[in-house]
Amino acid sequence: MIAPLAKFIDWYSLQVAAMLPSIRKCARGDSKLTEAIEFLNGPDFIPAESKSAELQFTSNIHFTFPSPRPCKFAENNVVHGRLYRRAKDWQKFPTLILLHGGGDFLNHRYRFPLTVPAIHRAGFNAATLVAPYHFQRRVRRIEAFNHLRVAEAFGQGVAEIRALTGWLLNQGCPSIALFGISLGGWLAGLAATRDSRLKAIVLAVPGVRRDYRATRGERVLWTPMRKALEKQKAAREALDKTPMNLTLSQPVIPKENILLIQGRYDLLVEAEQTEELWQAWRQPDIWRLPHGHVSWMFAPGINSRVLDWLAPRLEAG
């Protein structure tokens, strides 16, 4: 894609995101930094043990289960997801869990379901999860997301991925892979630093650490939001010294089963962060696409390429 077009799409997406209530709440939340750092550095952020989820299906596809890491908001304590079974004997096939980005309604609602037929043809089941505080789990009465609440949401998201992984394995699925985009890639990366049950992960334009371009407000036109983000610079730098920073931990799955997808023109998460992660994780496979944070997903044949990369690793039929 032409670099100016890819960058314009990212720039426009950043302006729209800056106006979203959830982003404004995060920008206003500048308290409980000490508690957040203690939580992230402690054993409760991503515990060694993980209980399997107990899924309740509300239709042939849709399911819910109680969050293994509940918070004080009831609506956020119910995890929503979808399971697209490949066949009646779906338990015999690997499962690919698709993880959307922050506020990423486009992928969650439209793009993921449209990719299901290709995923089935590749020999996999497909599943999706709604991240904490997103979509059906949105909590309207929160005035601001302080640093502790954000940290706890990350821990909650990872715990829910691991809980669904456990349920799928208990059903008989031979292997599980994660395909995460942006925030979903960040959560998938964190899960892969703790959970050796995962067979493979694909991290597309993933968040890597808290101090990335979109959170610094450098390109945000709305002055109050830009100033609010700029005030949190010291806090972001402190959080980047905790396990929330993917480069400070090593994955517990083989690097041959890790794929990073980088957008060279990314204006939200710098390409340099993906390069830093690539080096820290001992140079797994990486695709450096001439795209931005948004436009990479429209690269011709990208879904087929990802599925072809996954097939031998998941031993799909």
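Structure: see above.
What comes next concerns the included structure. (Residues numbered from 1 in each chain as written. Predicted model: local features only at pLDDT ≥ 70, side-chain atom pairs only at ≥ 80, totals over all residues. Heavy atoms only, no water.)

**Considerations on helix H6 (residues 183–192)**
Of all 10 residues in H6, 10 are buried, a share of seventy percent or more. Residues of H6 that are buried: Leu183, Gly184, Gly185, Trp186, Leu187, Ala188, Gly189, Leu190, Ala191 and Ala192. Packed against the buried residues of H6 are strand S4 (95–99), helix H5 (147–171), strand S6 (176–181) and strand S7 (200–204). (Buried < 20%, exposed > 50% of the residue type's maximum accessible area, 1.4 Å probe, protein only. Helix = DSSP H or I, 4+ residues; strand = E, 2+ residues; numbered from the N terminus. Contact = heavy atoms within 4.5 Å.)

**Some words on the environment of tyrosine 133**
Inspection of the secondary structure assignment puts tyrosine 133 in the loop between strand S5 (125–129) and H5. For the pair tyrosine 133 and glutamate 75, spaced 58 residues apart in the sequence, the C-alpha separation amounts to 8.5 Å.

**A closer look at empty space enclosed by the protein**
For the structure on display, the rule yields 1 cavity of 30 Å³ or more. Together, 13 residues line the largest cavity, and Leu99, Leu129, Val130, Ala131 and Leu187 are the ones closest to its centre. Listing elements by their share of the lining of the largest cavity, those giving two or more residues are H5 and H6. No other element matches the 3 residues that H5 contributes to the lining of the largest cavity. A per-class count over the lining of the largest cavity returns 8 nonpolar, 3 polar and 2 charged. (1 Å grid on protein atoms, 1.4 Å probe; cavity = no way out; pocket = protein on both sides within 12 Å on 5 of 7 lines; lining within 4 Å. Points joined across faces, edges and corners; volume = space filled by probe spheres on them. Nonpolar A, V, L, I, M, F, W, Y, C, P; charged D, E, K, R; others polar.)

**Some words on the side chain of asparagine 107**
For asparagine 107, the location among the structural elements is in helix H4 (residues 105–121). According to the relative accessible area criterion, asparagine 107 is buried, its value standing at 0%. Those residues in contact with asparagine 107 that lie beyond four places of it in its chain are Phe112, Pro113, Ile181 and Met297.

**Remarks on the pattern of salt bridges**
Under the counting rule described, the total for this entry stands at 9 salt bridges. A salt bridge links lysine 233 to glutamate 237, with the nearest nitrogen and oxygen atoms 2.4 Å apart. Residue lysine 233 and its partner glutamate 237 are both found in helix H9 (residues 233–239); the two are separated by 4 residues, about one turn of the helix. Given a relative accessible area of 42%, lysine 233 falls into the partly exposed group. (Salt bridge = Lys/Arg side-chain N within 4 Å of Asp/Glu carboxyl O.)

**Concerning the packing of aromatic side chains**
Evaluation of the coordinates by the stated rule reveals 8 aromatic pairs. Between tryptophan 90 and tryptophan 167 the ring centres are 5.9 Å apart and the planes differ by 15 degrees, which places this aromatic pair in the stacked class. With a gap of 77 residues between them, tryptophan 90 in the loop between strand S3 (78–84) and S4 and tryptophan 167 in helix H5 connect regions that are remote in the sequence. Residue classification places tryptophan 167 among the buried positions, given a relative accessible area of 12%. (Phe/Tyr/Trp six-rings, centres within 6.5 Å; stacked < 30°, edge-to-face > 60°.)

Fair warning: the whole summary comes from geometry, so function is off the table for now.
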